[in-house]
Amino acid sequence: MHIPPHLMTDGMLIASDLDAHGYDTRALRRAAVAGSLTRVARGIYVDAAVWQSANTRERHVLRCRALAARLGSEVVLAGASAAAVLGLTYLGEWPGRVCALNTVADGTRVRGGVSWWGHDDHRTGVIDLGWVRATNAYRTAVELSARESYLAGLVTADSALRSAGHRGAGDGARELLTMAEALRLQRGARRVERVAAFANGHSESAGESWTRVVLADLGVEHPELQVDISADGLWIARVDFCWPSRHIVLEFDGEKKYRAPMRGPSRSAEDVVIAEKKREDRLRAAGWTVLRIVWDDLREPERLRRLLRQHGLMQ
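Peer 1: I tried to follow the pairing of strand 11 (residues 234-243) on my own but got confused; where do I start?
Peer 2: Each regular strand displays side chains that alternate between the two surfaces of the sheet. Counting buried residues in strand 11 gives seven out of ten residues, a clear majority hidden from the surface. The antiparallel pairing of strand 10 (residues 224-231) with strand 11 creates a hairpin that spans two residues between the two strands, and Asp232 there sits at a positive phi of about 55°. By the bridge criterion, three bridges tie strand 11 to strand 12 (residues 248-252) in an arrangement that is antiparallel. From the neighbouring strand, Cys242 faces strand 12, where its bridge partner is Val249. Hairpin connection, strand 11 to strand 12: the antiparallel pair is bridged by four residues, and His247 has positive phi, about 55°.

Okay, structure coming up:
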């Protein structure tokens, strides 16, 4: 089925638009059954190759674009959907449903495959992306903090502060609290206050945010974040967490750096492993103890407690 490019919307095929131009839209359904197209939403399709090559965030953004194509650019994306289109970090899997703002009268509910959040203020902290409107980074972080878990809220808040150029403990807390006050939250206000007090734009991943939470829960002395380490006037590495007086660094070893999108097309996973090994060797040669943790250490904090105790960071 050949479709002129000018009848595509952001690379998507919209059945109602094609029907208006005299195309037999049943061909779209046949192409989806045949596997050349993927149905993103009712009456909206995308090239199957595009869908298959997309990661989970990119697929969620495609769903957001489908919603905007169906309802118009005045729709306001919120929650995880706003985080997706803004490039913010979100804890867990990107949801299958798009999240958007609704009025309080219409209520918070799922309708038409969309998670609608009831809120009458569709202006405060809302930005126009051209193809759709969305809550900005501060409002997205505040509303996720109010509606989801403390950890989920913190992960997005750290990312929001980082995207706005805030660095360090307390930097950006005022902006988050001001946004929360303007929204007149009906629930989750105390959780938002906790998140604002602890959020730190120096955390560069969900794993690092979670690590900070676990370290605090264990009562460990607060480490410095994103520290550049040098020896004899030469830069060695930038580390995730550092206790300079003890010459100990802690690195969160997630999986992203080993995957193709993060490592780049010219480097293999083996290249990344070798580079990490050489980097760690340079740190050790300069007198630093290097500790590495993974997701399982965060899910089972006692494992991390034992590791830290072995190196004198805990009693």
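Peer 1: Would you mind showing me how to read the nonpolar core here?
Peer 2: One recurring pattern in soluble globular proteins is that nonpolar side chains are buried together. Of all hydrophobic cores here, the largest spans 70 residues; its most connected members are Leu77, Leu176, Leu215 and Leu308. Counting residues per element, this core draws most heavily on helix 7 (residues 150-163), which supplies seven residues. Every residue in contact with Leu308, bar those within four places of it in the chain, is listed here: Leu215, Leu218, Val220, Leu291, Leu313 and Met314.

Peer 1: Which parts of the structure should I look at to understand the packing of helix 6 (residues 137-147) against helix 9 (residues 189-198)?
Peer 2: Angle between the axes and distance between the axes are the two parameters that describe a pair of packed helices. Running from N to C, helix 6 and helix 9 point in directions that differ by 125°, and their axes come no closer than 8 Å. Compared by their axis directions, helix 6 and helix 9 come out oblique. At the point where helix 6 passes helix 9, the crossing takes the right-handed sense. Mapping the contact onto sequence places Val142, Ser145, Ala146 and Arg147 in helix 6 and Arg191, Val192 and Val195 in helix 9. Considering only residue class, the contact of helix 6 with helix 9 consists of four nonpolar, one polar and two charged.

Peer 1: When you look at the packing of aromatic side chains in this model, what are you seeing that I'm missing?
Peer 2: Working definition: an aromatic ring pair is given by the centre-to-centre distance plus the angle between the planes. What the rule picks out here adds up to three aromatic pairs. Their ring planes at 50° and their centres at 5.9 Å tell us that Trp210 and Trp295 sit as a pair that is tilted. Placement of Trp210 in helix 10 (residues 206-218) and of Trp295 in helix 13 (residues 295-299) is noted, with a sequence separation of 85 residues between them. In this structure Trp210 comes out as buried when scored by relative accessible area, which is 19%. Measuring from ring centre to ring centre gives 4.8 Å for Phe252 and Trp295, while their planes differ by 80°; the resulting arrangement is edge-to-face. With Phe252 in strand 12 and Trp295 in helix 13, this pair connects stretches of sequence that are 43 residues apart.

Peer 1: Would you mind showing me how to read unusual backbone geometry here?
Peer 2: Leaving glycine aside, a negative phi is the common case for residues, and trans is the common case for peptide bonds. The phi dihedral of Asp232 is positive, around 55°, even though this residue is not glycine. Of note, Asp232 is situated in the loop between strand 10 and strand 11. Overall, Asp232 belongs to the exposed group, its relative accessible area being 83%. Positive phi is not limited to glycine here, since His247 has a value of about 55°. Here His247 is to be found in the loop between strand 11 and strand 12. A relative accessible area of 34% places His247 in the partly exposed class.

Peer 1: What's the story with the pattern of salt bridges in this structure? I'm lost.
Peer 2: Opposite charge on two side chains makes pairing possible when the charged atoms of those side chains draw close. Taken as a whole and assessed by the stated rule, the structure comprises 16 salt bridges. Glu251 serves as the salt-bridge partner of Arg279, at 2.7 Å between the closest nitrogen and oxygen. Taken together, the positions of Arg279 in helix 12 (residues 269-285) and Glu251 in strand 12 put the pair 28 residues apart, joining distant regions of the chain. For Glu251, a relative accessible area of 3% translates into the label buried. A salt bridge links Arg305 to Glu302, with the nearest nitrogen and oxygen atoms 3.0 Å apart. Remark: Glu302 and Arg305 occur in helix 14 (residues 301-310); sequence separation between them is three residues, near one turn of the helix.

Peer 1: Before we go on, may I ask you to explain the packing of helix 8 (residues 173-183) against helix 9 in this structure?
Peer 2: Between helix 8 and helix 9, the least distance of the axes is 8 Å, while the angle of their chain directions is 165°. Considering their axes alone, helix 8 and helix 9 lie roughly antiparallel with respect to each other. Between helix 8 and helix 9 lies a crossing whose hand is right-handed. For the pair formed by helix 8 and helix 9, the contact residues are Ala173, Leu176, Leu177 and Ala180 on the first element and Val192, Glu193 and Ala196 on the second.

Peer 1: Looking at this model, I keep getting lost on the pairing of strand 10. Mind explaining?
Peer 2: Both strand 10 and strand 11 contribute to a ladder of seven bridges, which runs antiparallel. Paired with Ala231 across the two strands is Leu234, which belongs to strand 11.

Peer 1: Explain the sheet that holds strand 3 (residues 44-47) here, please?
Peer 2: By definition, the strands of a sheet pair up through backbone hydrogen bonds, in either a parallel or an antiparallel sense. Spatially, 1-3-2 is the arrangement adopted by the three strands of the open sheet, whose pairing is antiparallel. Pairing within the sheet leaves two strands with one partner each, and these edge strands are strand 1 (12-14) and strand 2 (37-41). Taken over all neighbouring pairs, the strand axes of this sheet differ in orientation by 35° on average, direction set aside. Against the sheet, helix 4 (residues 56-71) makes contact with strand 1, strand 2 and strand 3, and its axis sits at roughly 35° relative to strand 1, the strand it touches most.

Peer 1: Would you take a moment to explain the side chain of His60 for this structure?
Peer 2: Along the chain, His60 falls in helix 4. Excluding residues that lie within four positions of it along the chain, His60 makes contacts with Ala80, Ser81, Ala84, Trp94, Pro95, Arg97 and Val98.

What counts and how
Residues numbered from 1 in each chain as written. Predicted model: local features only at pLDDT ≥ 70, side-chain atom pairs only at ≥ 80, totals over all residues. Heavy atoms only, no water. Buried < 20%, exposed > 50% of the residue type's maximum accessible area, 1.4 Å probe, protein only. Helix = DSSP H or I, 4+ residues; strand = E, 2+ residues; numbered from the N terminus. Pairing = 2+ DSSP bridges. Core = buried A, V, L, I, M, F, W, Y, C linked by side-chain atoms within 4.5 Å. Contact = heavy atoms within 4.5 Å. Axes fitted to C-alpha atoms, helices over the stretch in contact; angles between N-to-C directions. Parallel < 35°, antiparallel > 145°, perpendicular 65-115°, else oblique. Left-handed = near helix turned anticlockwise from the far one by under 90°. Nonpolar A, V, L, I, M, F, W, Y, C, P; charged D, E, K, R; others polar. Phe/Tyr/Trp six-rings, centres within 6.5 Å; stacked < 30°, edge-to-face > 60°. Salt bridge = Lys/Arg side-chain N within 4 Å of Asp/Glu carboxyl O.

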